[in-house]
Amino acid sequence: MKFRGLAAALVAGAGVLGSFASSATAQDDNVFKLAFVAFLSGQAAESFGKPAVQGAKAVIDALNAGSLPKPYDKVGFGGLKIEVQLIDEAGGATKQVEELRNAFERDHVDAVLGYVSSGDCLAVSPAAEELKKLLVLFDCGTPRIFEENKFKYVFRTAAHGAMDNVAMARYLVKRGIKVADVGAMNQDYAWGQDSWKDFKGSLAQLEPEAKTKVELWPKFGAGQYGTEISTLLQENPALIYSSLWGGDLQAFVLQAAPRGLMKDRVVVLSASDHVLPPLGNKMPDGVIVGARGSNGQFAEKSPINDWYVATLAAAYPGLIPVQPHYRAAQGLLGLKTAIEKAMAANGGKKPTSDEMAAAMVGIEWDAPPGHIKLALGDGHQAVQSNAAGRSKWDPDAKMVRLVDIEHFAAECVNPPPGVKAADWIAQGFPGAKCD
Amino acid sequence: MAGIVGTLAAAVIAFAVLAVAGYAMPNWLVLVATLAFAKGLVALGIVVLMRGGLVSFGQGTFYCAGAYAAGMAMRSFGIGDAALLVALGAIAGLILGAIIAPLLAGYRGIFFATLTLALSMIVYGILNKTYSLGGSDGLNLHAPRFFGYQPAGSQNAGYALFLFTSLVTVIAAALCRIHFDSVRGLLSHAARDNEIRVEYLGASVRWVNGINFVIAAALGGIGGALSALSLGHIDPDFAFWTTSGEFVFLAILSGYMSVAAVFVAAILLELVRSFSSQYFPNTWQGALGVFLLLIILFLPGGLGSLPLRLRPSRAKSARASMEKSK
Amino acid sequence: MSAKLAAAILIDGVIDASWLFIVAVGLTLVFGVLNILNFAHGSLFAVGAYAAASAVGWYYGGELGPPFLGYLLMLGSALAVALILGPLLERGVLRFFYRRDEVVLVLVTYALFLILEDATKLIWGAEAYYASEPYALLGNVSFFGLSYVGYDFALIGLALIVGLLLWFGINRTVSGKIVLAVIHDRDISRAMGVNVSRVFALAFMLGVFLAALGGAFTAPKISVQPGIGITVILLSFAVVVIGGLGSVEGAAAAALFVGFARAAAIHLVPWAELFIVYLVMALVLAFRPEGLFQRMSARKI
């Protein structure tokens, strides 16, 4: 009997010692330690976590081999090889704050790049700021990060979620699609609530005659949408809008399409490009698709995009790149730009967090989705161009192609500096520069 | 059972040890320990209930109430003092507990557990839809002051919060120990064994359980406020069933005999979770599950039973050495 | 309310109820016989879904035979999951904890849930799997101008068959009566010569089978990927508690209750969908603390 208790105590003791041992990792000035945080398990793993990790790994391997086109041809970050540590974003915001602090204080990483979930982004940003360490958010969508706070050490290399829905509304206008009423189906949490609010607000400005007929709020992760589909069929709105994503969106399409919900009406799926590869020909044609940026098939031709597509094809044969792949790449390239700018200023040494944070303010760089500029949030928040298109199954290539693509310049769908996104939409997009 | 003086002496010594340890520990361990103590307080509340035979799967309700009370006080009323915020958290938990306790008085066993779980999920749902409280994204808090003093720098702020948390923990633990050894506390044990006999002997089981529930709720509120201050962020996940389940796990892991075991268990769990996450980023959940199984299997009485297990062997070896020296 | 709306709520309610029943009945059975609230139920659902998706993918991908045999394959994959995981989990893990408190057992199953989630991810990875051919095989049905998929109605049939077989098996066969005896009083049953360990093993295997069956027959409607078990465990738990832990009739009644409540909420007050299930649970428990159908048990003083 006593051996069992002792055994447990020994396991525990080993655990404690082990964590102390790992704290003995030394600072290495020849290597840049980067922690990359994304969902490795749970509901966002398939749709956003795994592709982000795929993209990040491909870019980091290429960086360490020095095989990127100019101006990214230096090995790693300014000659420093990148050593990456993966952290699983699953487990809740509390765990993420602990893991961030562990990464910086125990494992001595030099910067953290990550976070898909808005809740996690909001939770970890103050922690990084307090530790005075560089945190680069690469995926989460909430505008609140820099609209409600001022940070010195936190940056976001992708545009926030408001532009997705402004672009969707503008697409309708540009394509001459007028609708009398709208039915909405969004997951009942911040992402769904904010997306619908932004789309509803944008549509109210651009097509005031469209009325909201029904608003449905399925639980996040519900997976069964029979009743919602019946309700939408019954209310029969001319346009259905949904910000659903991942497994939920795939289930919704699988259950809605056979019942004819997506026929004879306009269907707008604001962030859906990532479900096109798995769904394949099960995705009906003619659905208006967004990718939260000029990602994947929306990316306009450029040397860096050509390089990225080729790199991904070599590393993952048969993979169709979608938005998480692109955001991971733009995050890494933005970080690289900032670090190399800091190293140019400090004489080529490995930069400190202060030097990196100072260098990163307001930078602009070219990435696979196009030109990115940290124009909002006092030079901490990125803006980028957006795009929308329609789905069309290509039986020869065996993939869903995006056709009828329209691009929207960054200044057209992002608020100008100093204006909150919600206010900007409510006021009718003052200062927007659209062609 | 050392008596009140003994308990207070132990409390003072424990605080002194923690203060020194906190100074020597690396920064990341200070946060881990702070959070562990905050969660340990909630688990202590469950231990209080467990002694009476009830297990609540909804302590997340009070954890969340305490956290949001502290959060709203800081954001809407500008209250920045840690002691005040934690007191507000305790009061929030207390009031909510006092309201809910009579509703739950008639339930026992798994039905008590499921009803408390349902209540916490309703709170979760309400918070998810309350945009003014941040919805599912939650709210951020800034660093608190300690009796007027604002520590400079992340390391000092962390240590100050750890000291404050240790103080609150030690006081709560001492009070709980005193309660456990009191007549009402021992009545809980009796109620757990056989309620009908307790009623027959003239005590009220409703009162015993009610008071235990309110104490647990207050502890939950304190834990919530402390977590909110150390994380700087609150969100509705504080009321989600997995959070509540974690507290129940801590209570079972520590057993209901020793108060100190709750906090040792809390630190152990945080370290194992962090250790698994670092070495098994793809399978940390499975690693945690295996650890939980092993602990449940090999320590059926919880960590608190370890000292009792070691004692008989000491007595045996003492006797053996006495025989030898004869 | 128009007739069309009422009919839609009715039909949607019944479809939802039958899905809920199939998914939740395994949980109530395991609790009834073994007194274990199995938190790994959601993961077993997920394993069933993955197994069916793999089997169906292999079958239709290779175009190996008549399409309707796919349904048999789904049933078979659920059976395979039960035969492999049932004994593994029950004999290999759970039986060491039978003497412990029922709350400790919940934590053991929670640990199993964590382990199974990662095990599933290790075996099948983080991709999306589909089993959608069976979904399209039964065509479409139209009621009051609304189009429904035939498969969803077939699930109603499956729920009825499962329910009736369980009810008949427990109440009208000798083995069923032995199981009832074990449910009522383990020790006396053992004293009367019943092999209680074998009853437990078989009951748990049946519980795993039912969970996997739910997963297998849900797979055609969804994208099978990590995380599908998490919603299921919450919903099953709510249904089972409302119906009364351990009662199959209770699970059926609760499934209907929750199914109609959800259908009505979505059609009439959509913003309430998030908490309608927990509201129903709290309301039912407030009036009947042990659920709709309380388990008969003698009070021991």
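Everything here concerns the structure above.
Let us look at the structure shown here. (Residues numbered from 1 in each chain as written. Chains lettered and ligands numbered in written order. Predicted model: local features only at pLDDT ≥ 70, side-chain atom pairs only at ≥ 80, totals over all residues. Heavy atoms only, no water.)

1. What to know about the packing of aromatic side chains
In step 1: Taken as a whole and judged by the stated rule, the model has 39 aromatic pairs over all chains.
In step 2: With a centroid separation of 4.3 Å and an interplanar angle of 10°, the aromatic rings of F199 of chain A and Y241 of chain A are classed as stacked. Within this pair, whereas F199 of chain A is found in helix α7 (residues 190-206), its partner Y241 of chain A is found in strand β8 (residues 239-242), the two being separated by 42 residues in sequence. Each of the two residues, F199 of chain A as well as Y241 of chain A, counts as buried.
In step 3: Ring centres of F112 of chain B and F213 of chain B lie 6.1 Å apart, and the angle between their planes is 80°; this geometry places the pair in the edge-to-face category. Taken together, the residues F112 of chain B in helix α5 (residues 109-129) and F213 of chain B in helix α9 (residues 205-231) connect sequence positions 101 residues apart.
In step 4: Through pairs of rings, three or more aromatic residues link up here, namely Y124, F240 and W241 of chain B together with F39, Y110, F113 and F237 of chain C.
In step 5: Its guanidinium or amino end placed over the ring of F429 of chain A, R170 of chain A lies 4.8 Å from that ring's centre, counting from NZ or CZ.
In step 6: A cation over a ring is seen here: K282 of chain A above Y130 of chain C, with NZ or CZ 5.2 Å from the ring centre. (Phe/Tyr/Trp six-rings, centres within 6.5 Å; stacked < 30°, edge-to-face > 60°. Helix = DSSP H or I, 4+ residues; strand = E, 2+ residues; numbered from the N terminus. Buried < 20%, exposed > 50% of the residue type's maximum accessible area, 1.4 Å probe, protein only. Lys NZ or Arg CZ within 6 Å of the ring centre and 35° of its normal.)

2. Let's talk about the pairing of strand β9 (residues 266-269) of chain A
Walk down a regular strand and you will see the side chains alternate between the two sheet faces.
In step 1: Of the two faces of β9 of chain A, the one holding V266 and V268 of chain A and the one holding V267 and L269 of chain A are both buried throughout.
In step 2: Considered for its hand, the β-α-β crossover made up of β8 of chain A, helix α9 (residues 246-256) of chain A and β9 of chain A is right-handed. (Right-handed = clockwise from strand over helix to strand, strands pointing away.)

3. Some words on the interface of chain C and chain B
In step 1: Every contact between the two is made by 39 residues of chain C and, on the other side, 37 residues of chain B.
In step 2: Here chain C meets chain B over a buried area of about 3,500 Å², counting both sides, of which 80% is carbon and sulfur.
In step 3: Here chain C is connected to chain B by zero salt bridges.
In step 4: In this structure, the connection of chain C to chain B is made through seven residue pairs in polar contact (both at pLDDT 80 or more).
In step 5: Mapped by element, the contributors of at least two residues to the side of chain C that touches chain B are α4 (102-124), α10 (228-243) and α12 (276-287) of chain C.
In step 6: Looking at the side of chain C that touches chain B element by element, the count peaks at 14 residues for α4 of chain C. (Contact = heavy atoms within 4.5 Å. Buried area = accessible area lost by both parts, 1.4 Å probe. Salt bridge = Lys/Arg side-chain N within 4 Å of Asp/Glu carboxyl O. Polar contact = N/O pair within 3.5 Å; in protein donor to acceptor, adjacent residues only side chain to side chain.)

4. Description of the state of the cysteines
Between two cysteines, a covalent bond joining their sulfur atoms is known as a disulfide.
All names here are of chain A.
In step 1: Taken as a whole and judged by the stated rule, the model has two disulfides over all chains.
In step 2: Between the sulfur atoms of C121 and its disulfide partner C140 the distance amounts to 2.0 Å. As the torsion about the S-S bond is roughly -105°, the C121-C140 disulfide counts as left-handed. Of this pair, C121 sits in helix α4 (residues 118-131) while C140 sits in the loop between β4 (134-137) and α5 (144-147), placing them 19 residues apart in sequence.
In step 3: On the accessibility criterion, C140 (0% relative accessible area) is buried.
In step 4: Disulfide partner of C412: C434, at an S-S distance of 1.8 Å. With the S-S bond torsion at 90°, the cross-link from C412 to C434 turns out right-handed. Here C412 is found in helix α14 (residues 410-413), whereas its partner C434 is found in the segment after α15 (421-426), with 22 residues between them in sequence.
In step 5: You can call C434 partly exposed: its relative accessible area is 37%. (Disulfide = S-S within 2.5 Å.)

5. Looking at a nonpolar patch on the surface
In step 1: On the surface, L88, I91, L94, I95 and I99 of chain B cluster together into a nonpolar patch covering about 430 Å² of accessible area.
In step 2: You can see I91 of chain B is positioned in helix α4 (residues 82-104). (Patch = residues over 30% accessible without salt bridge, like charges linked within 9 Å, V, L, I, M, F, W, Y side chains within 5 Å. Areas by Shrake-Rupley, 256 points an atom, 1.4 Å probe, with all protein chains shown as cover.)

6. Quick notes on the interface of chain C and chain A
In step 1: The partner chain A presents 35 residues to the 35 residues of chain C that form the contact.
In step 2: Connecting chain C to chain A are one salt bridge.
In step 3: For E127 of chain C, the salt bridge goes to K50 of chain A, with nearest N and O atoms at 2.8 Å.
In step 4: Linking chain C with chain A are 15 residue pairs in polar contact (both at pLDDT 80 or more).
In step 5: Elements supplying a minimum of two residues to the side of chain C that touches chain A: α1 (3-34), β2 (146-149), α10, α11 (248-268) and α12 of chain C.
In step 6: Its residues assigned to classes, the side of chain C that touches chain A shows 20 nonpolar, nine polar and six charged. (Nonpolar A, V, L, I, M, F, W, Y, C, P; charged D, E, K, R; others polar.)

Read these as spatial facts, not as claims about activity.
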